Amino acid sequence: MERAQGGDIDTQLLEPVLKTGWPWFVTVFIAGLVFLGAIGAFGYQLYWGLGVWGIKRPVFWAFDITNFVFWIGISHAGTLISAILRVTGAEWRRPVTRCAEAITVFALMIGALFPIIHLGKPWLFYWLIPYPNVRGLWPNFRSPLAWDFFAINTYLLGSIIYLYLPLIPDLALLRDKSRGKRRRGVYALLSLGWRGTELQWDRLERAVRVMAVIIIPVAVSVHTIVSWDFAMAIRPMWHSTIFGPYFVAGAIFSGIAALILAMAVIRRVFHLEGYLRPVHFNNLGLLLVTMSLIWFYFTFAEYLTTWYGNQPEEMAVFLSKVTGSYAPLFWTMVAGCFLIPVPILAFKRSIKATVIASVAVVVGMYIERFLIIVPTLSHPRLSYNWSTYSPTWVEVMLTIGPFAYFVILYAVFVKLFPIIAVWEYKEGLRLEGRNLEIGSSAAATAD
Amino acid sequence: MSKTEKNPESIGTRLKTAEEATRAVEELLRQGVPRDCIEVQSSEPIHFSGAAAASHKKSWIWLFGIAGGIVGALAAVLLTVWTSRRVNLVTGGMPIASPWPLGVIVFEMTALGAILFSVVRMIFEARLGRRRSDDDEAALAEGDIVVRRV
């Protein structure tokens, strides 16, 4: 596969922004219909209350919190991976970073919705915010749910800034290339008067480096804190010291898979084959197989410790997963997260292979989140209280809808901003000595 | 090489490659123009080396990041300890402001402070958010490099 086929790099990378083809409208329309279905389900739930969900004693967290954990995990696709690649100076990152960073922002926005939906009275969500209110109520800072509030908002704000900073020069490019006064005006506003002086480039690069260093521990903390929502409770198979790193590893794992899928769709739909090349899928495939092994290691350590301890309460949950009613899901998870991706990616990391492996991983990791939450809740310590759980159509719609919402958000983003950082890509070419001419029309040579 | 006609006060020379830009900067330096008075604009970062290397003022972005972290941490301590003490919870002798959970919030707000201060400082140092009057935006959009004496 040849890289960036000659011609005008600016034109190729800005084309999705400056021209809108019918596939874009069809995609947004279909996703919009699904999303409207989810809105309808949400309205139905608001009217009738949370009783329309399948949750009942003792399973009070189910699909909703599964979705929360899953989407927060997916958010690790972007900022964290992008920051690590920047800090380590991985040059192949250049066409990948913005695709990834956008995933983070949208996944976080979606993930953060679920605790609010779960409140039952979402219009009272502001009670989570620490402010001196007249009721004398304060958030309980000892609660991991309050930690979530701080962690997710810090990560969301940091990720938006981390996405925005490298976008500024491209916004200036769009300002100068766009037609239409209104459009130019919006880009001019967003580009903050960027002129491309040496000073501005120097400060931008410094700020991005600083942000990359700060954002890595924040990203790690976010999913660690999400894991503590569970680990701080003295529940069977939740009260575990490895839950923090286990969740972080799982988040990066599912995040890379989501990134591969997003890149595969983008390169096909927007004809960016010369930019998102097999080498990127190969490298991300290597990361994916590494994370698959790490995930298996953590899972094995967790389950072996439980089995070896042989405590009745823990074993009830353990057996329900491995041989009981949740066994089909459990073994699907093992297949999706380990048995399918590892053999595929160990030998072949083509685009097709990495996409197949990524689909398996995303499905497997969604099931993993479900299996962490529901079997433990349905098997409390006192066995008289054991129960089962099955979702209603409302929960299913509220699970499918956010995927459609994600597609809409991503499609709109691609429509408004270049999904590949133009300046970073061109700088990468020049640093490799492939493109001595700075100009946009400089042809990138073939590999 | 062609000179801009719109703004004769500042000599803006449009160039195609980094090498040409380097030669132009070196030529200006040979003519006795201080490096601080030479401005190079481009659509992607160019890192000149040797005599042509830019001499920017020292950046304080890192330091502001650290300062922001300290401010964020202090704000978190104030928020958590003050609000915890304000509610007269019965804790059975346990500390009302427990350091471990509050430490989590302090960590997050430290990062938040560092991020915000760094970005604000970057915007200030890069002189962003100011009204621009640039005649060379079309040239930059086409990928030219503009070297001018300011």
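1. Examining the overall build of chain A
Thinking step 1. Across its full length, chain A carries 17 helices and zero strands.
Thinking step 2. The globule rule puts the C-alpha radius of gyration for 447 residues at 22 Å, and the 23 Å found for chain A is close to it.
Thinking step 3. For chain A, the C-alpha atoms occupy an extent of roughly 75 × 60 × 40 Å along the three principal directions.
Thinking step 4. When each of the 447 residues of chain A is scored for burial, the buried share is 52%.
Thinking step 5. Partitioning the contacts of chain A with sequence separation of at least 6, the portion at a separation of at least 24 is 81%.

2. Quick look at the nonpolar core
Thinking step 1. Counting residues in hydrophobic clusters, the biggest one holds 164 residues, and the most contacted among them are A:Cys99, A:Ile103, A:Met211, A:Ile256, A:Leu259 and A:Leu288.
Thinking step 2. Setting aside anything within four residues of it in sequence, one finds A:Ile103 in contact with A:Ile74, A:Ala77, A:Gly78, A:Ala258, A:Leu259 and A:Ala262.

3. A look at helix 12 (residues 312–322) of chain A
Every α-helix carries 3.6 residues per turn, so stepping three or four residues along brings you back to the same face.
Thinking step 1. By the burial criterion, the buried members of helix 12 of chain A are A:Glu314, A:Ala316, A:Val317, A:Phe318, A:Ser320 and A:Lys321.
Thinking step 2. Packing partners of the buried residues in helix 12 of chain A comprise helix 11 (278–309), helix 13 (327–339) and helix 15 (351–378) of chain A.

4. Some words on unusual backbone geometry
Residue and element names in this part refer to chain A.
Thinking step 1. Residue Pro 58 is reached from Arg 57 by a cis peptide bond, and omega for that bond is 5°.
Thinking step 2. Within the secondary structure, Pro 58 sits in the loop between helix 2 (22–48) and helix 3 (63–74).
Thinking step 3. In this structure, His 271 takes a positive phi of about 55° despite not being glycine.
Thinking step 4. Structurally, His 271 is set in the loop between helix 10 (243–269) and helix 11.
Thinking step 5. Residue class for His 271 comes out partly exposed when judged on the 14 C-beta atoms lying within 10 Å of it.

5. Concerning the packing of helix 6 (residues 144–164) of chain A against helix 9 (residues 198–231) of chain A
Residues and elements named next belong to chain A.
Thinking step 1. Contact geometry of helix 6 with helix 9 gives a least axis separation of 9 Å together with a crossing angle of 150°. In terms of orientation, helix 6 and helix 9 fall into the roughly antiparallel class. Read as a crossing pair, helix 6 and helix 9 show a hand that is left-handed. Where helix 6 approaches helix 9, its residues Pro 144, Leu 145, Trp 147, Asp 148, Ala 151, Ile 152, Thr 154, Tyr 155, Gly 158, Ile 161 and Tyr 162 are matched on the opposing element by Met 211, Ile 214, Ile 215, Val 218, Ala 219, Ser 221, Val 222, Ile 225, Val 226, Trp 228 and Asp 229.
Thinking step 2. Here the residues of the contact of helix 6 with helix 9 sort into 17 nonpolar, three polar and two charged.

Calculation rules
Residues numbered from 1 in each chain as written. Chains lettered and ligands numbered in written order. Predicted model: local features only at pLDDT ≥ 70, side-chain atom pairs only at ≥ 80, totals over all residues. Helix = DSSP H or I, 4+ residues; strand = E, 2+ residues; numbered from the N terminus. Rg over C-alpha atoms; globule rule 2.2 N^0.38 Å. Buried ≥ 20, exposed ≤ 12 C-beta atoms within 10 Å, placed from the backbone. Contact = placed C-beta atoms within 7 Å. Core = buried A, V, L, I, M, F, W, Y, C linked by C-beta atoms within 7 Å. Axes fitted to C-alpha atoms, helices over the stretch in contact; angles between N-to-C directions. Parallel < 35°, antiparallel > 145°, perpendicular 65-115°, else oblique. Left-handed = near helix turned anticlockwise from the far one by under 90°. Nonpolar A, V, L, I, M, F, W, Y, C, P; charged D, E, K, R; others polar.

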